[in-house]
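A structural walkthrough
These are the residues of each chain, in order.
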Amino acid sequence: MTTEPIFELMKQLGHHDKTVLLRDELLAWQETYRSSHQEVSPDVLCMDTAFGQVQEALIHPEWIALSTRPEVARWRFFRYDLGRGGREEISTLAYLEIKEGQVPGSRGDGEEEILELDFSPFTRFYPPGEGPAGIGNGVEAMGRILANRFAEDPHICGQALLEFISRRTATGHLPMIDPKLIPDLATLQEALAKAEAILEKSTAEGGAPGFNSSLGKFGFGAGWGADTARVRETMGLLSRLLRQPDAETLQTFLERAVPISTIVVFTPHGYFGQDDVLGLPDTGGQVVYILDQVRGLEMEMKRRLVAQGRKEEPRILVITRLIPDAQGTGCDRPMETVRGTERAVILRIPFRYPSGEAVPHWISRFDLWPFMERFARDSEKEILERLGGADLIIGNYSDGNLTAALVARRLGATLTTIAHALEKTKYFNSALYWQDQDDHYHFSSQFSVDLIGMNSADFIIASTYQEIAGDEQRVGQYESHMAFTMPGLQRVVSGIDVHNPKFNIVSPGVNPELFFPYDNTEGRLGEFSDTIEDMIYGSEPHHGRRGVLKDRNKPLLFTMARLDKIKNLTGLLEWYGGNPRLQKLANLVVIGGFVDVEASSDREEREQILTMHRLMDQYGLDDSVRWLKASTDRRLNGEIYRVVADSRGAFIQPAWYEAFGLTVVEAMSTGLPTFATCNGGPKEVIVAGESGYHVDPADGAASADLIADFLERCQGDPSEWQRISQGALERVQSRYTWEIYASKTLTLTALHGFGKWLYRSEREGLERYLEMYLRLQYRPLAARVPT
Ligand code: UDP
Ligand code: LCN
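Below is a summary of the structure that appears in this document. Only a predicted model underlies this, so the values are computations on that prediction, with no experimental measurement involved.

A separate point is the site of ligand 1. Neighbouring residues of ligand 1: 19 residues in total, closest Gly285, Arg562, Lys567, Ser631 and Glu666. Within the contact set of ligand 1, a nitrogen atom lies 2.8 Å away from a backbone nitrogen or oxygen of Ser631. Within the side chain of Arg634, an N or O atom sits 3.0 Å from an oxygen atom of ligand 1. Protein contacts shield 92% of the accessible area of ligand 1, which totals 540 Å² for the unbound molecule. Among the secondary structure elements, those contributing two or more residues to the shell around ligand 1 are helix H10 (285–308), helix H20 (634–646) and helix H21 (662–669). Here the residues of the shell around ligand 1 are counted per class, giving 7 nonpolar, 7 polar and 5 charged.

Here you go:
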């Protein structure tokens, strides 16, 4: 018999009329119970147990099953017998089986014919990191793993490294070593000693090394360095690595040795273009992210290739979907160069019906599964024709990650995937109740694709720790894929382990030419003054705006996002409308979607537009709120943030959930104090009280008060505004820049490129398992999605 206090709570919970309760619901229930049972000790009424926080309860009149989280990304499961009073710890598998039984129509006895998935046996070749602190620090973890392997098995690893740098790659890089002259480690060590002696002499004499003629005869080829000093250093690193391997030497050697000149980026869905697309359905931060990312990568690739003494020029191909009926966006153009780069190109390839005919119209990101495999094959042909292969393939979002995985497997390229936003955590219990919404969202296909993407990836890029493993209170997006079940479809016993060293926090930045501090008076874009004046204060009626600000002396509160439900712009309007103090202190400027409902063809957006109008009417906000339709000019937008900063206002990002939130970093980069959602990336981007504040979308009243308090404090003491503004600038400059991003990504490509080579036979099992899953599970599911 258990005597745990929580047992009492479980007995009471047994009367609940729902069968599955998540943590927030449990806490709400606990609160209600507590207020009506004040005689019971608070210790008894606590969802934080000796086994960790309770995350979920499965409820049955005779028993309760609990999932608990003793620490970030670790889980334990228990079953309480309410009749006999016992508690037993149960396995993940047993818990998932019980959980399935909570859904009407499922048996829950483990006997149901259902695909059971377990990726863990295939990923053991990379030992997982120890605890929560190591999660997401893949550079360090991989360096350590590879160096340990080197120390254990110097001959096998040394030979593998020799072969790795002696290959002529499909992308045309000349090898660093001629395998005919240096076939084995002993010869390599001898050759290195001779070369180092020559280089030492050459350095002492102050002359050029006459590299090709003097070192080529020993078997050394391209890529050792642009000058004598660098060649010497690189050779020194290799000698040291062969004598006494350590993580730092290995990382530095690989960073210098691995040539990366061709990158393919997949981003099929939405309207991917450089102008007039932001704010359209499925078209937001991912587009901005990729355009800035390729600029950063091209620069860093070039820097590294030059330092290696290689002649190759960086080439980047961004592959997206060609939309014949492009709605004036330019997404019907097969090719264009990415502005601000020398050679990065956007290549558009159409989706095709089985007949071969191109799909003419835009397709929601939830409906494109039947087209993906064909799209991958067509893309592969283009890549081979244009580049011969790829050193790195980068996937974006579920569809891009799938395509990238398929193509990378066939080309043998290093693969990284970027989720941007995993849909599973955005929707309430979306896996358990998948059948209720599959006609609309097709999560049966998408969640399968996500498993394929994340397990295929050599390394995964995440924008924040939050995205991988959440925090003490909240489960991370990737973490939610560790174990889950989709009754009747698949029981995922181990989907991904977030302790795997493949996980890396590599945060994006902003384009500093557009998003720079408001007090950089020389850089300010005066040409937009009149336009912005008219946008914010103009009184001419206009179908793209509503509301005219009556008192222009007040600071401005500003928000800008797609008019998507999850962005919660309507929520912000309600917070503002419901708080007269805030209305007195500041005006509100909202940029999002369309103001004219007839201009929108997206169902969710239309609903939001109507709600915006209803709230404007209900609270009578036409004198203090200016609502403008989506603004797609990025230079103009940069200046808007700064104009808001001039007014000593603030940026508000009220989303229900935000994976990262580029607008948050954009605002902060201009020195605009920012209040952003406590759910998701912004929780980590902003240090509350230092570089901004967090708002809770579930508590609008408190959020509105927090903003009003800040504005009042600033009225009394303007240095308060300056303090947060300065804090925001320092925070982004130290962490969120594309230089840091590009350097880390290329280092990861080098480390994992070698890791992939070294562990290629161990990986083969995983590849086969994934292939079978794709063919037997994903393909029929995708075929069910209507075209
Ligand atoms: N954006 C824009 N105009 C709009 C709405 C958004 O230029 O009307 C830009 C915004 O500046 C940011 C991106 O679109 O660069 C949105 O990215 P974020 O990560 O904030 O959200 P997402 O849309 O990706 O969910
Ligand atoms: C998608 C989102 O929802 C945003 O939170 C991110 O900032 C954006 O992608 C870029 O990664």
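Look at Ala73: it is not a glycine, yet its phi comes out positive at around 65 degrees. Along the polypeptide, Ala73 turns up in the loop between strand E4 (63–71) and strand E5 (74–81). For Ala73, a relative accessible area of 2% translates into the label buried. Phi angles above zero are rare outside glycine, and Arg648 is one such case at about 60 degrees. Position of Arg648 among the secondary structure elements: in the loop between H20 and strand E22 (650–653).

Further remarks concern the sheet that holds strand E14 (residues 459–462). Taken in spatial order, the 8 strands make up an open sheet running E10-E11-E9-E8-E12-E13-E14-E17, and their pairing is mixed. Both outer strands of the open sheet, strand E10 (335–337) and strand E17 (503–505), are each paired with one neighbouring strand and no more. Geometrically, the sheet is characterised by an average inter-axis angle of 25 degrees between neighbouring strands, direction not taken into account. Looking at chain direction, E14 and E17 are connected through 3 bridges and run parallel. Looking at E17, one finds that Ile461 is bridged to Asn504.

The next point concerns the site of ligand 2. All residues in the neighbourhood of ligand 2 are listed as Gly285, Tyr289, His420, Ala421, Glu658, Ala659, Phe660, Gly661 and Leu662. A distance of 2.9 Å is found between an oxygen atom of ligand 2 and a backbone nitrogen or oxygen belonging to Gly661. At 3.5 Å, a backbone N or O of Leu662 approaches an oxygen atom of ligand 2. Against a free-state accessible area of 290 Å², the protein chains account for coverage of 90% of ligand 2. Broken down by class, the residue content of the shell around ligand 2 amounts to 5 nonpolar, 3 polar and 1 charged.

Bringing the nonpolar core into the picture now. Leu188, Phe220, Phe253, Leu254, Ile263, Leu557 and Phe754 are the most contacted members of the largest nonpolar core, which has 148 residues in total. Of all the elements, helix H25 (residues 738–758) adds the most residues to this core, at 10 residues. Once residues within four sequence positions are removed from consideration, Ile263 is found in contact with Leu297, Met301, Arg315, Ile316, Leu317, Leu392, Ile394 and Leu746. In terms of nonpolar packing, the next biggest core, distinct from the first, is built from 54 residues, Phe351, Val359, Trp369 and Leu415 among them.

Reading guide: rules and limits
Each chain carries its own residue numbering, running from 1 in the written order of its sequence. The order in which chains are written sets their letters, starting at A; the order in which ligands are written sets their numbers, starting at 1. Per-residue local features of the predicted model are confined to residues with pLDDT of at least 70, and side-chain atom pairs are confined, for both listing and counting, to 80 or more; whole-chain, interface and lining totals are unaffected and use all residues. The side-chain quantities take in all heavy atoms of the structure and omit both hydrogens and water. Any residue with a heavy atom positioned within 4 Å of a molecule or strand is treated as near that molecule or strand. The definition of a polar contact used here is a pair of N or O atoms within 3.5 Å, where within protein one atom must be able to donate a hydrogen and the other to accept one, and adjacent residues in sequence count solely through side-chain atom pairs. The Shrake-Rupley method, run with a 1.4 Å probe, gives the accessible areas here. Residue values count only the displayed protein chains as cover. A run of H or I in DSSP becomes a helix once it reaches four residues, and a run of E becomes a strand once it reaches two; helices and strands are each numbered from the N terminus. Think of it as three bins: nonpolar holds Ala, Val, Leu, Ile, Met, Phe, Trp, Tyr, Cys and Pro, charged holds Asp, Glu, Lys and Arg, and polar takes everything else, Gly as well. Only protein chains enter the area calculation, which uses a 1.4 Å probe; residues under 20% of their type maximum are buried, those over 50% are exposed, and those in between are partly exposed. One bridge is not enough; two strands pair if DSSP finds at least two bridges between them. Axis angles are defined between N-to-C directions and span 0 to 180 degrees, where every axis is a line fitted to C-alpha atoms and, for a helix, only to the segment in contact. In this text, buried Ala, Val, Leu, Ile, Met, Phe, Trp, Tyr and Cys residues form a nonpolar core when linked through side-chain atoms within 4.5 Å. Here, residues are in contact when the closest pair of their heavy atoms is within 4.5 Å.

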